[in-house]
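# Chain and residue survey
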Amino acid sequence: MTDIAIVDYGMGNLRSVHKALEHIAPDSTVVVTSDPAVVNKASRVVVPGQGAMPNCMSELKACGLQDAVIRAAHSKPFLGICIGLQMLFEESEEGHVKGLDILPGRVIHFPVKTMTTPEGLKLKVPHMGWNQVCQTVNHPLWKDIAKDARFYFVHSYYVDTPDTALIAAQTHYPFAFTCAVAKDNIFAVQFHPEKSHIAGLTLLRNFATWSPGF
Ligand SMILES: NC(=O)CC[C@H](N)C(=O)O
């Protein structure tokens, strides 16, 4: 049986996620798959995603994977990365597209005009590069990761949720935005653990052994 299924709907940085998971979980079977049946049977599911949210949503549907992803998000350890995080919410400002509506909130664009640091430095969008991830909750996926470790980001949109209990970490750019959420069996991050060296590999290793305990 597949231990970890990485969902392939044609929009992902899947090679690096696959390589990283194989490296940290050598005893697990890790597959990249477009087959809903494989996703349904897997013990754990990872949903990455790159590009524009409207394309990701339509490709997910076109590949017949939407139901399998929703089912996974309700039933087993689930890791969303980048657009895999954004898709969990109600809608995105990017192309004004509906998301999977599993978690409450919207995905909004950085307010480019007001992106100035207290020192007067103008920040660029996309937010690209390494930045500190400030953990706001204790969670098994943060095990062995420093409370303000740096992870790699590349995005122009971020999650804005009214349910602050979902927030697992924030990053400052220049204000605090939600960069990780956690609820039951779901953990999802805006940054790229697969590109974040030791801290990222640690997070993936934690995911590979996580039992959310339902
Ligand atoms: N890294 C990406 O693929 C970007 C994702 C999304 N379009 C955003 O800008 O937030």
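Every chain's residues receive numbers from 1 upward, in the order its sequence appears when written. Local features in this predicted model are restricted to residues whose pLDDT is 70 or higher, and side-chain atom pairs enter the listing and the counts only when it is 80 or higher, whereas totals over whole chains, interfaces and linings include all residues. In computing side-chain values, all of the structure's heavy atoms are included and hydrogens and water are not.

In this section: the nonpolar core. Generally speaking, nonpolar side chains in soluble globular proteins are found buried as a group. We define the nonpolar core as a collection of buried residues of types Ala, Val, Leu, Ile, Met, Phe, Trp, Tyr and Cys that are connected through side-chain atoms lying within 4.5 Å of one another. With a 1.4 Å probe rolled over the protein chains alone, any residue whose accessible area is under 20% of its type maximum counts as buried; one over 50% counts as exposed, and the rest are partly exposed. Membership of the largest hydrophobic core comes to 75 residues, with the highest contact counts inside it found for Tyr9, Met87, Trp142 and Phe187. In contact with Met87, other than residues within four places in its own chain, are Tyr9, Val47, Met53, Cys56, Met57, Leu60, Gly99, Leu100 and Asp101. Contact criterion: two residues are considered in contact whenever any of their non-hydrogen atoms come within 4.5 Å of each other.

This part takes up the packing of helix α1 (residues 14-24) against helix α6 (residues 197-209). Fitted lines through C-alpha atoms give the axes, limited to the stretch in contact for helices. The angle between two N-to-C directions lies from 0 to 180 degrees. The secondary structure listing takes helices from DSSP runs of H or I that are at least 4 residues long and strands from runs of E that are at least 2 residues long, numbered from the N terminus. Relative orientation of the contacting elements α1 and α6 amounts to 65°, with a least axis distance of 9 Å. Taken together, α1 and α6 sit at an angle that is classed as roughly perpendicular. Between α1 and α6 the crossing geometry is right-handed. Where α1 approaches α6, its residues Ala20, Leu21, His23 and Ile24 are matched on the opposing element by Leu201, Leu204, Arg205 and Ala208. Side-chain classes follow a simple rule in which Ala, Val, Leu, Ile, Met, Phe, Trp, Tyr, Cys and Pro form the nonpolar group, Asp, Glu, Lys and Arg form the charged group, and the remainder, Gly included, forms the polar group. Partitioned by chemical class, the residues of the contact of α1 with α6 number 6 nonpolar, 1 polar and 1 charged. Working definition: roughly parallel below 35 degrees, roughly antiparallel above 145 degrees, roughly perpendicular at 65 to 115 degrees, and oblique for all remaining angles. Less than a right angle of anticlockwise turn of the near helix away from the far helix marks a crossing as left-handed, whereas a clockwise turn marks it as right-handed.

Before going further, it helps to spend a moment on the UniProt feature "active site" (unreviewed entry) in the protein. UniProt positions are given in the numbering used here, feature names are shortened, and annotations may be inferred rather than shown by experiment. Following the UniProt record, the feature "active site" (unreviewed entry) maps to Cys82, His192 and Glu194 here. These annotated residues cover 113 residues of sequence, and their C-alpha atoms all fall within 11.0 Å of one another, placing them together at a single site. In this fold, Cys82 is placed in the loop between β4 (78-81) and α5 (83-86). Excluding residues that lie within four positions of it along the chain, Cys82 makes contacts with Gly49, Val154, Val189, Gln190, Phe191 and His192. Within the element layout of this structure, His192 appears in the loop between β14 (186-189) and α6. The term polar contact refers here to a pair of N or O atoms within 3.5 Å; inside protein, the definition further demands a hydrogen-donor-capable atom paired with an acceptor-capable atom, and it admits residues adjacent in sequence only when both atoms are side-chain atoms. Looking at His192, its side chain comes within polar contact range of the side chain of Glu194, at 2.8 Å.

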